[in-house]
Amino acid sequence: MFQNLNWDEVGIKNNGEYLNHLRFADDIVLFAPSAEELQTRMEELGNESSKIGMNLNKTKVMYNQHAAKKEIKINGETIRIVDEYVHSGELKTSNAKLTD
């Protein structure tokens, strides 16, 4: 699915490379520098995932403390905004601090 997305130069630029998503088993994390770009990436992902029957009903949006929270939609459905979630038994929060 990701091979069909033209995401080579989108996302957050770090050390000259773009970071736009991470995949963990059956989970995907998207990165975008703005809510508008996130909306575009979510629409593209929604279109590609529907071609292979991937279910996006568990999809959530989480913003960090530096971003304004904006509504994101996929196929007309509003995606729930959360401040925390549990992944692999570990609580992830929107106010996580970077460590050395």
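Just so it is clear, the model here is predicted, and its values are computed rather than measured.

Student: Would you take a moment to explain the layout of surface pockets for this structure?
Tutor: Summary: where empty space remains is shown by rolling a probe the size of a single water molecule over the atoms. Considered as a void within the structure, the largest pocket measures approximately 1700 Å³ in volume. Along the walls of the largest pocket sit 44 residues, with Ile28, Val29, Leu30, Met62 and Tyr85 positioned nearest its centre. Of the residues belonging to the lining of the largest pocket, the class tally is 27 nonpolar, nine polar and eight charged.

Student: So what exactly am I meant to see when it comes to the nonpolar core here?
Tutor: As a rule of thumb, soluble globular proteins bury nonpolar side chains together. Trp7, Leu38, Met42 and Ile72 are the most contacted members of the largest nonpolar core, which totals 15 residues. Among the elements that make up this core, the one with the highest residue count is helix H1 (residues 35-51) (four residues). In this view, Met42 contacts Leu30, Thr59, Ile72, Ile74 and Ile79; residues no more than four positions away in its chain are not counted.

Student: What is the right way to look at the side chain of Asn20 in this model?
Tutor: Assignment of secondary structure puts Asn20 in the loop between strand S2 (17-19) and strand S3 (21-24). When its relative accessible area of 8% is taken as the criterion, Asn20 is described as buried. Separated by 3.3 Å, the side chain of Asn20 and the backbone oxygen of Val10 make a polar contact. Contacts of Asn20, omitting those with residues within four sequence positions, involve Trp7, Val10, Gly11, Val29, Leu30 and Phe31.

Student: Is there a simple way to think about the confidence of the model for the protein in this case?
Tutor: Keep in mind that low pLDDT regions are not for reading the predicted coordinates in detail. When pLDDT is averaged across the protein, the result is 85; 95% of the residues are at 70 or more. Here strand S9 (residues 84-87) is the element of the protein with the lowest mean pLDDT, 81, and S2 is the one with the highest, 93.

Student: Got a minute to help me understand the packing of aromatic side chains in this structure?
Tutor: Two aromatic rings, taken as a pair, are described by how far apart their centres are and by the angle between their planes. Following the criterion strictly, the structure yields one aromatic pair and no others. Judged by centre distance (5.8 Å) and plane angle (75°), the rings of Phe2 and Trp7 are edge-to-face.

Student: Any chance you could explain the pairing of strand S4 (residues 27-30) here in plain terms?
Tutor: Bridge count between S3 and S4: four bridges; the pairing is antiparallel. Among the inter-strand pairings, Arg23 is bridged to a residue of S4, identified as Ile28. Where S3 folds back on S4, the antiparallel hairpin that results is connected by two residues, among which Ala25 adopts a positive phi of roughly 50°.

Student: What should I look at first to understand the pairing of S9 in this one?
Tutor: Side chains on a regular strand alternate between the two faces of the sheet. Inspection of the sheet shows S9 paired to strand S10 (residues 90-93) by four bridges, in the antiparallel sense. Looking at S10, one finds that Tyr85 is bridged to Lys92. What sits between S9 and S10 in their antiparallel hairpin is a turn of two residues, with Ser88 showing a positive phi close to 50°.

Student: Looking at this structure, I do not really get unusual backbone geometry. What am I missing?
Tutor: Glycine aside, negative phi is the norm for most residues, and most peptide bonds take the trans geometry. With a phi close to 55°, Asn15 is a non-glycine residue in the positive phi region. Topologically, Asn15 is positioned in the loop between strand S1 (12-14) and S2.

Cut-off values and rules
Residues numbered from 1 in each chain as written. Predicted model: local features only at pLDDT ≥ 70, side-chain atom pairs only at ≥ 80, totals over all residues. Heavy atoms only, no water. 1 Å grid on protein atoms, 1.4 Å probe; cavity = no way out; pocket = protein on both sides within 12 Å on 5 of 7 lines; lining within 4 Å. Points joined across faces, edges and corners; volume = space filled by probe spheres on them. Nonpolar A, V, L, I, M, F, W, Y, C, P; charged D, E, K, R; others polar. Core = buried A, V, L, I, M, F, W, Y, C linked by side-chain atoms within 4.5 Å. Buried < 20%, exposed > 50% of the residue type's maximum accessible area, 1.4 Å probe, protein only. Helix = DSSP H or I, 4+ residues; strand = E, 2+ residues; numbered from the N terminus. Contact = heavy atoms within 4.5 Å. Polar contact = N/O pair within 3.5 Å; in protein donor to acceptor, adjacent residues only side chain to side chain. pLDDT = per-residue confidence, 0-100. Phe/Tyr/Trp six-rings, centres within 6.5 Å; stacked < 30°, edge-to-face > 60°. Pairing = 2+ DSSP bridges.

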